[in-house]
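The lines below spell out each chain.
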Amino acid sequence: MGNAPQDAFAIRKFIDDGHLLATVQSFSKNFGLYGQRVGALSIVCQDPNEAKKVLSQMKTTIRPMYSNPPRHGAQLVKTILEDDRLTTDFIDQCSDMADRINAMRVKLRSTLEEGTGGGRNRNWGHITDQIGMFAYSGLAKSEVEALRDNHSIYCTLDGRISMAGVTSGNVNYIADAINDVVSNK
């Protein structure tokens, strides 16, 4: 959601309640490190002895998968997360981006609902109910193809839109195009 403490609430709550858990975190999108395979697997164990056993099993499991994973991305993430000022700046930037994406969700939905064409007759609430960088538009494959062919707007054939690519400069165009393809179905 763009709010690191809020996003971590559930994990912290489970740990505080005494649950043993494993969680996976990817840094690919947030740090722009596509192709670097940067992430973390965190496991909360009952005690140091159990942690030692789990680590041994994890090493046995990952060793055949790769010998020397890329280090550049991991070093970048480590540099940022070990520095309080850089971490705060990173969290603030993620929050700003999430706020921008959420504002674009609201604008896209309202423009679809207020626009002309077939979009007025659909419920677009799912656009603002979702979170993250992507949104399932609810468009059918034929509508997605018409969006591509008639308006040069590209998304996956199941209608998944990259909300990071929706900006104040193109949101009206996108909404008008969606309204057009929905009308001409």
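A brief structural summary.

1. A closer look at a negative patch on the surface
Next, step 1: Taken together, the side chains of Asp89, Asp92, Asp96 and Asp99 make up a negatively charged region of the molecular surface.
Next, step 2: Structurally, aspartate 92 can be placed in helix α5 (residues 84–114).

2. Quick look at the nonpolar core
Next, step 1: Counting residues in each nonpolar core, the largest one holds 22 residues, and the members touching the most others are Leu108, Leu147, Met163 and Ile178.
Next, step 2: Where this core is concerned, the elements lending two or more residues are α5, α7 (141–151) and α8 (171–183).
Next, step 3: Counting residues per element, this core draws most heavily on α8, at seven residues.
Next, step 4: The residues touching leucine 147, leaving out its near neighbours within four places in the chain, are Leu139, Ser152, Ile153, Cys155, Ala177, Ile178 and Val181.

3. Focus: the pattern of salt bridges
Next, step 1: Evaluated as defined, the whole model comprises four salt bridges.
Next, step 2: A salt bridge links glutamate 113 to arginine 109; the nearest nitrogen and oxygen atoms lie 2.9 Å apart. Pair noted here: glutamate 113 and arginine 109 are both in helix α5, with a separation of four residues, about one helical turn.
Next, step 3: Assessed through its relative accessible area of 26%, arginine 109 is described here as partly exposed.

4. Structural notes on the layout of surface pockets
Next, step 1: When its volume is computed, the largest pocket comes out at roughly 1,400 Å³.
Next, step 2: Together, 38 residues line the largest pocket, and Ala4, Asp7, Gln25, Ser26 and Asn30 are the ones closest to its centre.
Next, step 3: For the lining of the largest pocket, the secondary-structure elements that each account for two or more residues are α1 (4–7), α2 (9–16), β1 (22–26), β2 (39–43) and α5.
Next, step 4: Tallying contributions element by element places α5 first for the lining of the largest pocket, with nine residues.
Next, step 5: Looking at the lining of the largest pocket residue by residue, the class counts come to 24 nonpolar, 11 polar and three charged.
Next, step 6: Looking at the second largest pocket, its volume works out to about 680 Å³.
Next, step 7: Broken down by secondary-structure element, the contributors of at least two residues to the lining of the second largest pocket are β1, β2, α3 (48–62) and α4 (72–81).
Next, step 8: Take the lining of the second largest pocket: its biggest share by element is five residues, from α3.
Next, step 9: By residue class, the composition of the lining of the second largest pocket is 17 nonpolar, three polar and two charged.

5. Some thoughts on the side chain of threonine 87
Next, step 1: Mapped onto the elements of the fold, threonine 87 is located in helix α5.
Next, step 2: Look at threonine 87 and you get buried, because its relative accessible area is 17%.
Next, step 3: Sequence-distant contacts of threonine 87, that is, excluding residues within four places in its chain, are made with Ile80, Leu81 and Glu82.

6. Topic: the packing of α5 against α8
How two helices pack is summed up by the angle between their axes together with the distance between the axes.
Next, step 1: Direction vectors running N to C along α5 and α8 enclose 40 degrees, while the axes themselves pass 9 Å from each other. As summarised for this structure, α5 and α8 are arranged oblique, according to the angle between their axes. Crossing hand, α5 versus α8: right-handed. Contacts from Met104, Lys107, Leu108, Thr111 and Leu112 of α5 reach α8 at Val171, Asn172, Ile174, Ala175, Ile178 and Asn179.

Parameters and conventions
- Residues numbered from 1 in each chain as written.
- Predicted model: local features only at pLDDT ≥ 70, side-chain atom pairs only at ≥ 80, totals over all residues.
- Heavy atoms only, no water.
- Patch = residues over 30% accessible without salt bridge, like charges linked within 9 Å, V, L, I, M, F, W, Y side chains within 5 Å.
- Areas by Shrake-Rupley, 256 points an atom, 1.4 Å probe, with all protein chains shown as cover.
- Salt bridge = Lys/Arg side-chain N within 4 Å of Asp/Glu carboxyl O.
- Lys, Arg positive; Asp, Glu negative; His and termini not counted.
- Charge placed at Lys NZ, Arg CZ, Asp CG, Glu CD.
- Helix = DSSP H or I, 4+ residues; strand = E, 2+ residues; numbered from the N terminus.
- Core = buried A, V, L, I, M, F, W, Y, C linked by side-chain atoms within 4.5 Å.
- Buried < 20%, exposed > 50% of the residue type's maximum accessible area, 1.4 Å probe, protein only.
- Contact = heavy atoms within 4.5 Å.
- 1 Å grid on protein atoms, 1.4 Å probe; cavity = no way out; pocket = protein on both sides within 12 Å on 5 of 7 lines; lining within 4 Å.
- Points joined across faces, edges and corners; volume = space filled by probe spheres on them.
- Nonpolar A, V, L, I, M, F, W, Y, C, P; charged D, E, K, R; others polar.
- Axes fitted to C-alpha atoms, helices over the stretch in contact; angles between N-to-C directions.
- Parallel < 35°, antiparallel > 145°, perpendicular 65-115°, else oblique.
- Left-handed = near helix turned anticlockwise from the far one by under 90°.

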